[in-house]
Structures are given as structure tokens and as C-alpha cells.
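One letter stands for each residue in the lines below.
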Amino acid sequence: SAVISQKPSRDICQRGTSLTIQCQVDSQVTMMFWYRQQPGQSLTLIATANQGSEATYESGFVIDKFPISRPNLTFSTLTVSNMSPEDSSIYLCSVETPMNTEAFFGQGTRLTVV
Amino acid sequence: AQSVTQPDIHITVSEGASLELRCNYSYGATPYLFWYVQSPGQGLQLLLKYFSGDTLVQGIKGFEAEFKRSQSSFNLRKPSVHWSDAAEYFCAVGARGSGTYKYIFGTGTRLKVLA
């Protein structure tokens, strides 16, 4: 299994600003994923982050808006840039460990943009 | 295209009653199927998963799910619900590609438990 810590757990931000969310895993993992969960909706994959390479973004998500870093096998960040109220969501970090073939999730970051 | 449908947005049951949450999927091959639970303010916790073999899968907290290929379903069941089961439940299919999974989630079912 994997234990994932996300910071911050919640934040209220002004529109036009940026927020960086951190995801720390207690073991080395190959794949890290970032999801968005808009109010009352399901999870939507934003991007997949491999260590040492650029993130792969899903349709509808772009690097300029959601830049991702993956400096090592236990850490990743997601930045929500130039925020608007439509970015108010829960952002979740997830990992898949090689042996488990299942996804583990952080507790999420609840973002409110005012 | 792969998709997951959870037809019930909200379900309310009395404590001690049985529970069944429905999940239907669309996937071209044998799917990897998951049920996750999300309590308020928490991340997602895996309840159970199906990859192959016995189509009745046992999970944590007394939950089980049955894979029915003919119906493209993977319904979650519990014989007796506890108040602590109140949460949101997500069905997901894992589509393997490029060496890893891409998880596709259903829209979720919010469970309310009456005392």
C-alpha cells in the first residue's frame, strides 16, 4: 500500500492568483496522477506525472493552466494557475504502486476561489 | 469508449437493511473493476477490486460485489448497513494503456443511512 499526504488540505484563494498543491508518498512510485472533483461530480483525470518526464495531460487540460512537477519518485506538485471561481474543486493526488494494481488516493485539497 | 454508469445518485436505507449499489460499465475487453468509498472531507478508499477469477469479490467493511459480464455490471452489496457506511461510493474501471492504468470513475452514489 501507499500513504499519501497532500498539502494544503484546503485553501481559499483570490481569483487571478495561483496555488501549488503538494503530494508526498511514503514509498517510491512510478506513476502519479492528479484528479479534479468538481462539486457534486465524479473524478476527472487532469494528468499523469512520470518522474523525469513531462506530464501527460487529458483532453481539456493544458500545461499552462495546470503545470505539474515530478522531481523524484515520491513527490509531485500541481499548480492551479490564474484561478477563477470555476476552478473551485477538490484536487486529488493518486498513485499506482507496481505490485498492487490499484490506485491510492490522498485526502484531497479543497480549493475555493473567490 | 470506456464509461462507467452509476444510475442512482442518492440512496437512503435504514440501518440494518441490505444495500445494493448499481454500476454498469462499457469497455471493450475484460475490465479491471473497482469500488471506492469517500467519506466527507476524505480521499478515496478502496473497498474491493476485480481482475479475474471468481466473479463474487469480497472486500473490506463487509462489502462484496459481483461481476456479471453478460450484464456489464459490477454491483456492490452489503447485507446489513451500519450508520458509519454513510458516504459516497464510486465505481471505476481501470483501462490499461501505455503501461499503466487510466481510471474512469462513475458519477458516484451518495448513501444516507437512517437510524
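Structure shown above.
Overview of the structure. Here the structure is a predicted model, which means the values were calculated and not measured. Throughout, a residue's number is its position along its own chain's written sequence, starting from 1. A letter from A marks each chain and a number from 1 marks each ligand, given out in the order of writing. Only residues with pLDDT of 70 or above have their local features reported here, since the model is predicted, and side-chain atom pairs are shown and tallied only from 80 upward, although totals for entire chains, interfaces and linings are computed over all residues. As a convention, hydrogens and water are excluded, and side-chain values are obtained from all of the structure's heavy atoms.

### Focus on the state of the cysteines
In plain terms, the rule: Two cysteine sulfurs form a disulfide in these notes if their separation is within 2.5 Å. In this text, helices come from DSSP runs of H or I with a minimum length of four residues, and strands from runs of E with a minimum of two, each type numbered from the N-terminal end. To sort residues, take the accessible area from a 1.4 Å probe on protein chains only and compare it with the maximum for the residue type: under 20% means buried, over 50% means exposed, and anything in between is partly exposed.
Under the counting rule described, the total for this entry stands at two disulfides over all chains. One disulfide in the model links C23(B) with C91(B); its S-S distance is 1.9 Å. With the S-S bond torsion at -65°, the cross-link from C23(B) to C91(B) turns out left-handed. Of the two residues, C23(B) is situated in the loop between β3 (19-21) and β4 (24-26) and C91(B) in strand β10 (residues 87-97); the sequence distance between them amounts to 68 residues. Comparing C23(B) with C91(B) shows no difference in burial state: the two are buried. Looking at C13(A), it has no disulfide partner, and the nearest cysteine sulfur is the one in C23(A), 18 Å off.

### Quick notes on the side chain of D87(A)
Residues and elements named next belong to chain A. Here is the rule we go by: Each polar contact in these results corresponds to two N or O atoms within 3.5 Å; when the atoms are within protein, one needs to be able to donate a hydrogen and the other to accept it, and residues that are neighboring in sequence are counted only if both atoms are side-chain atoms. It only takes one pair of heavy atoms within 4.5 Å for two residues to be counted as in contact.
Topologically, D87 is positioned in the loop between β8 (75-80) and β9 (89-96). Here D87 falls in the buried class, since its relative accessible area comes to 5%. A polar atom in the side chain of D87 sits 2.6 Å from the side chain of K65. Excluding its chain neighbours within four sequence positions, the residues that come into contact with D87 are K65, F66, V80, S81, N82, L111 and V113.

### Focus on the packing of aromatic side chains
The relation between two aromatic rings is expressed through the spacing of the ring centres and the mutual angle of the planes. All names here are of chain A. Where we set the bar: Only centres within 6.5 Å qualify two rings of Phe, Tyr or Trp (six-membered ring in Trp) as a pair; their planes then separate them into stacked at under 30 degrees, edge-to-face at over 60, and tilted for everything else.
If you walk through the whole model with that rule in mind, you get 16 aromatic pairs over all chains. For the pair Y35 and F105, a centre-to-centre distance of 5.7 Å together with 50° between the ring planes defines the contact as tilted. In this pair, Y35 sits in strand β4 (residues 31-37) while F105 sits in strand β10 (residues 103-105), placing the two residues 70 residues apart along the sequence. Each member of the pair Y35 and F105 is classed as buried.

### Observations concerning the interface of chain A and chain B
Selection criterion: We define a salt bridge as a contact between a side-chain nitrogen of Lys or Arg and a carboxyl oxygen of Asp or Glu at a distance within 4 Å.
Every contact between the two is made by 18 residues of chain A and, on the other side, 19 residues of chain B. Where chain A packs against chain B, one counts one salt bridge. Here chain A is connected to chain B by five residue pairs in polar contact (both at pLDDT 80 or more). Of all the secondary-structure elements, those providing two or more residues to the side of chain A that touches chain B are β4, β5 (43-50), β9 and β10 of chain A. Per element, the largest residue contribution to the side of chain A that touches chain B is four residues, and it comes from β4(A).

### Notes on the pattern of salt bridges
All names here are of chain B. Summed over all chains, the structure comprises seven salt bridges over all chains. A salt bridge links D8 to R22, with the shortest nitrogen-to-oxygen separation between them at 2.9 Å. Pair noted here: D8 is in the loop between β1 (3-5) and β2 (10-14) and R22 is in the loop between β3 and β4, with a separation of 14 residues, a long-range link. Measuring nitrogen to oxygen at the nearest pair gives 3.2 Å for the salt bridge that ties R77 to E64. Highlighted residues: R77 in strand β9 (residues 73-78) and E64 in strand β8 (residues 64-68), separated in sequence by 13 residues. Beyond isolated ion pairs, a larger network of salt bridges with shared partners links E64, E66 and R77.

By themselves, these observations are geometric and do not establish any function.
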